[in-house]
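Below, each chain spelled out in residue letters.
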Amino acid sequence: MNLQRLCPVYRKWLQLNPSHAREHRIAMQVQTQQAHQAGKYNEARRLGYQTFEAAKVVLTALQPVTDTVDKSIHEDILAFGTMAMYLSSLLHKENKKHEAHHILQECHQQLIAILPLHASKPSVCKLICAIQVALEKGGGAMTAEHQQALTLH
């Protein structure tokens, strides 16, 4: 199930260029949504997987360590979590419940793995925890409290 859907060279480029990778992730998110809205579900799923992987690469790329909380960290974490939920939703609609669950689990595990890296940044930790709660609820509906926690960064 843990297939790589991005070219290894592209994946490496994303890792080495996190700021450009963010731009590519955003563009891929838009393409995924456009394909879904156009009823091209196979393409939306394929792009969704690629976008999820790109978001994961951006999230785990080596970046300068600072004491301040960079807005991009919040955006990276939020993009990764929401892309997992979006992709899981697409898979659920196609009755691919095992794959949908696997995506949510992969996201949850990755967030657990990065949590210690941000231990000195309470707002980042709160964001990660809010996303984890949403993932545990199936990635579907988030409460108003969780949505507020996601936007307060």
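This text follows the structure it describes.
Residues numbered from 1 in each chain as written. Predicted model: local features only at pLDDT ≥ 70, side-chain atom pairs only at ≥ 80, totals over all residues. Heavy atoms only, no water.

**Details of the nonpolar core**
Core analysis: the biggest nonpolar cluster contains 24 residues, and Phe52, Ile77 and Leu111 have the highest contact counts within it. Put simply, the parts of the chain that give this core at least two residues each are α3 (41-60), α4 (71-93), α5 (97-114) and α6 (122-136). For this core, the element with the highest residue contribution is α4, accounting for eight residues. In contact with isoleucine 77, other than residues within four places in its own chain, are Leu59, Leu111, Ile114, Val124, Leu127, Ile128 and Ile131. (Core = buried A, V, L, I, M, F, W, Y, C linked by side-chain atoms within 4.5 Å. Buried < 20%, exposed > 50% of the residue type's maximum accessible area, 1.4 Å probe, protein only. Helix = DSSP H or I, 4+ residues; strand = E, 2+ residues; numbered from the N terminus. Contact = heavy atoms within 4.5 Å.)

**Quick look at the packing of α3 against α4**
As a packed pair, α3 and α4 sit with axes 9 Å apart at the nearest point and diverge in direction by 155°. Judged on the interaxial angle alone, α4 and α3 are roughly antiparallel. For α3 against α4, the interelement crossing comes out left-handed. From α3, Ala44, Arg45, Gly48, Tyr49, Thr51, Phe52, Ala55, Lys56, Val58 and Leu59 reach across to α4, where they touch Asp76, Ile77, Phe80, Met83, Ala84, Leu87, Leu90 and Leu91. (Axes fitted to C-alpha atoms, helices over the stretch in contact; angles between N-to-C directions. Parallel < 35°, antiparallel > 145°, perpendicular 65-115°, else oblique. Left-handed = near helix turned anticlockwise from the far one by under 90°.)

**Remarks on helix α2 (residues 18-37)**
Each full turn of the α-helix corresponds to 3.6 residues, which orients residues three or four apart in the same direction. Between its terminal C-alpha atoms α2 stretches 28 Å, which fits the 28 Å expected from 20 residues at 1.5 Å a residue. Restricting attention to buried positions, one finds in α2 the residues Pro18, Ala21, Arg22, Arg25, Met28, Gln29, Thr32, Ala35 and His36. In a view along the axis of α2, the buried residues occupy a sector of 150°, so they form one face of it. Turned more than 90 degrees away from the buried face of α2 sit Glu23 and Gln37, all of them exposed. (Expected span 1.5 Å × (residues − 1). Arc of directions from axis to C-beta.)

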